[in-house]
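# What the coordinates show
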There are 2 protein chains.
Amino acid sequence: MSQQYPSQLLEKAVGEFAKLPGIGRKTAMRLVLHLLRQEQATVETFGQAIMTLKREVKYCKVCHNISDTETCLICANPRRDPSTICVVENVRDVMAVEATQQFQGLYHVLGGVISPMDGIGPSDLQIDSLVERVKSGGVKEVILALSSTMEGDTTNFFIFRKLAPYEVKMSVIARGISIGDELQYTDEVTLGRSIVNRTLFTGNM
Amino acid sequence: MSQQYPSQLLEKAVGEFAKLPGIGRKTAMRLVLHLLRQEQATVETFGQAIMTLKREVKYCKVCHNISDTETCLICANPRRDPSTICVVENVRDVMAVEATQQFQGLYHVLGGVISPMDGIGPSDLQIDSLVERVKSGGVKEVILALSSTMEGDTTNFFIFRKLAPYEVKMSVIARGISIGDELQYTDEVTLGRSIVNRTLFTGNM
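Residues numbered from 1 in each chain as written. Chains lettered and ligands numbered in written order. Predicted model: local features only at pLDDT ≥ 70, side-chain atom pairs only at ≥ 80, totals over all residues. Heavy atoms only, no water.

### Examining the pairing of strand E4 (residues 105-109) of chain B
Residue and element names in this part refer to chain B. In terms of burial, E4 is a largely internal element, five of the five residues being buried. One ladder, built from five bridges, connects strand E3 (residues 81-88) with E4; its direction is parallel. In the sheet register, Cys86 faces E4, and the bridge partner there is Tyr107. In this fold, E3 hands off to helix H4 (residues 91-100), which returns the chain to E4; that crossover is right-handed. (Buried < 20%, exposed > 50% of the residue type's maximum accessible area, 1.4 Å probe, protein only. Helix = DSSP H or I, 4+ residues; strand = E, 2+ residues; numbered from the N terminus. Pairing = 2+ DSSP bridges. Right-handed = clockwise from strand over helix to strand, strands pointing away.)

### Quick word on the packing of aromatic side chains
Per the stated rule, a full pass over the model turns up eight aromatic pairs over all chains. Ring centres 5.1 Å apart and planes at 70° place the aromatic pair Phe46 of chain A and Phe17 of chain B in the edge-to-face group. With Phe46 of chain A in helix H3 (residues 40-56) and Phe17 of chain B in helix H1 (residues 8-18), this pair bridges two chains. Side by side, Phe46 of chain A and Phe17 of chain B carry an identical accessibility label, which is buried. Among the aromatic residues, those joined into a ring-pair cluster are Phe17 and Phe46 of chain A together with Phe17 and Phe46 of chain B. (Phe/Tyr/Trp six-rings, centres within 6.5 Å; stacked < 30°, edge-to-face > 60°.)

### A short note on the interface of chain A and chain B
At the junction of the two partners, chain A supplies 55 residues and chain B supplies 55 residues. The interface formed by chain A and chain B contains two salt bridges. One salt bridge in this structure joins Glu44 of chain A and Arg55 of chain B, with 3.0 Å as the shortest N-O distance. Inspection of the region where chain A meets chain B yields twelve residue pairs in polar contact (both at pLDDT 80 or more). (Contact = heavy atoms within 4.5 Å. Salt bridge = Lys/Arg side-chain N within 4 Å of Asp/Glu carboxyl O. Polar contact = N/O pair within 3.5 Å; in protein donor to acceptor, adjacent residues only side chain to side chain.)

### Structural notes on the sheet that holds strand E5 (residues 141-144) of chain A
Residues and elements named next belong to chain A. One open sheet accounts for four strands, arranged E4-E3-E5-E6; its pairing is parallel. Two strands lie at the open edges of the sheet, namely strand E4 (105-109) and strand E6 (169-172), each paired on one side alone. Taking the axes of each pair of neighbouring strands and ignoring which way they run, one obtains an average angle of 25° across the sheet. Of the strand pairs in this sheet, strand E3 (residues 81-88) and E5 are connected by four bridges, and their pairing is parallel. The residue bridging Ile85 from the neighbouring strand is Val142, located in E5. Contacts between helix H4 (residues 91-100) and the sheet are confined to E3 and E4, with E4 contributing the most and set at about 160° to the helix. In the packing of helix H5 (residues 128-135) onto the sheet, the strands contacted are E3, E4 and E5, and the crossing angle to E4 comes to about 150°. (Axes fitted to C-alpha atoms, helices over the stretch in contact; angles between N-to-C directions.)

### Observations regarding the relation of the copies chain A and chain B
Note on the identical chains: chain A maps onto chain B by a rotation of 180° and an axial translation of 0.0 Å, with an RMSD of 0.1 Å. Expressed as an axis order, the relation between the two copies is that of a two-fold axis. Among all C-alpha atoms of chain A, that of Gly47 of chain A lies closest to the rotation axis, at 2.2 Å. By residue overlap, the copies meet face to face through one surface: 100% of the interface positions of chain A are interface positions in chain B. (Least-squares fit on C-alpha atoms with pLDDT ≥ 70 in both.)

### Topic: the pattern of salt bridges
Residues and elements named next belong to chain A. Scanning the model with the defined rule gives 14 salt bridges over all chains in all. Measuring nitrogen to oxygen at the nearest pair gives 3.8 Å for the salt bridge that ties Lys135 to Glu132. A residue pair is termed a helical-turn pair when its members lie 3 or 4 positions apart in one helix, as Lys135 and Glu132 do in helix H5 at three residues. In this structure, the salt-bridge partner of Glu141 is Lys169, at a minimum N-O distance of 3.9 Å. You can see Glu141 sitting in strand E5 and its partner Lys169 sitting in strand E6, a full 28 residues away along the chain. Overall, Glu141 belongs to the buried group, its relative accessible area being 18%. Note on Lys169: relative accessible area 52%, which makes it exposed.

And the structure:
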């Protein structure tokens, strides 16, 4: 169904929304019409929030996470353990790990994973700066917390080899069945791995 | 899962996106991170398109559809038939009817339907101006093309009574089973209506 927009301004706004991932033209239209029904000031706030973020966003000079300051609040926190570095793909993963409250070390945000299909090579990621952090000493363990995908695994191996010359323990977050999962619905690769990598049962879960 | 944002700028941008209907905080985060990966100019274009639309949007003084000009292109088109007015809820419905290429008349955009639950009464809609259009003469038929909902039906009845004093034919778009629908999956109200309102079969579909 070809759609003739009655206004070029409307068409442009819808077109801009429709460029966002997972937003089709129908959804874009719905969102734009919603904004049109709001006050002028509300729409200005919306537009400015996005533009200001892009203009003023900073990345922590240590871990490369998004930050409002030169060094992010986690890296600057003296109560965090600088001898353990958790390597993640992006800021969402930092937030996910932080939300577990199970990790007291620092992070290293790669900015993606190696993905030749998407044209992302090691030099597009913050891998050299990770090596520098390890090289400069004081790091005892690097925890690789990337997605359990081919790209994540490739990146894990690449980092593993890059860090091999240095005296640092390397670990990967556990893969296994999710808490609450029923065995019959678990895919066989995950189930197989979770049997191979079984842990000693001490009575505590 | 409580989420601690590492940056207030990021949190603000995500919060703004999450105010949009149907966009949760996870989707908002995905959209904001997508925009962060784009060029500065791309993000400015996005923000400006929305703000410019809101600032400069016009509504046609005849039919109240969104327009870049005082009178919209449809109302200003001498080849359209001004004696037939199709009453719709919003600009999306104008676009949907236009896409069918089955209507040569003009539109009247109400800006919504009567919905006491949402606090929308007749005075919030462009009903008086519709009466004015009919009153000023030259209109032979008003086609009511509102949604087949309780609110749409209520609005239809309200307009019907408002226009009753004037000599104008009033019609409602046909309701029935959709083209391609299988009878067994059609709800019984629709099926019942489509039997009551059956049309003469002439061999042409």
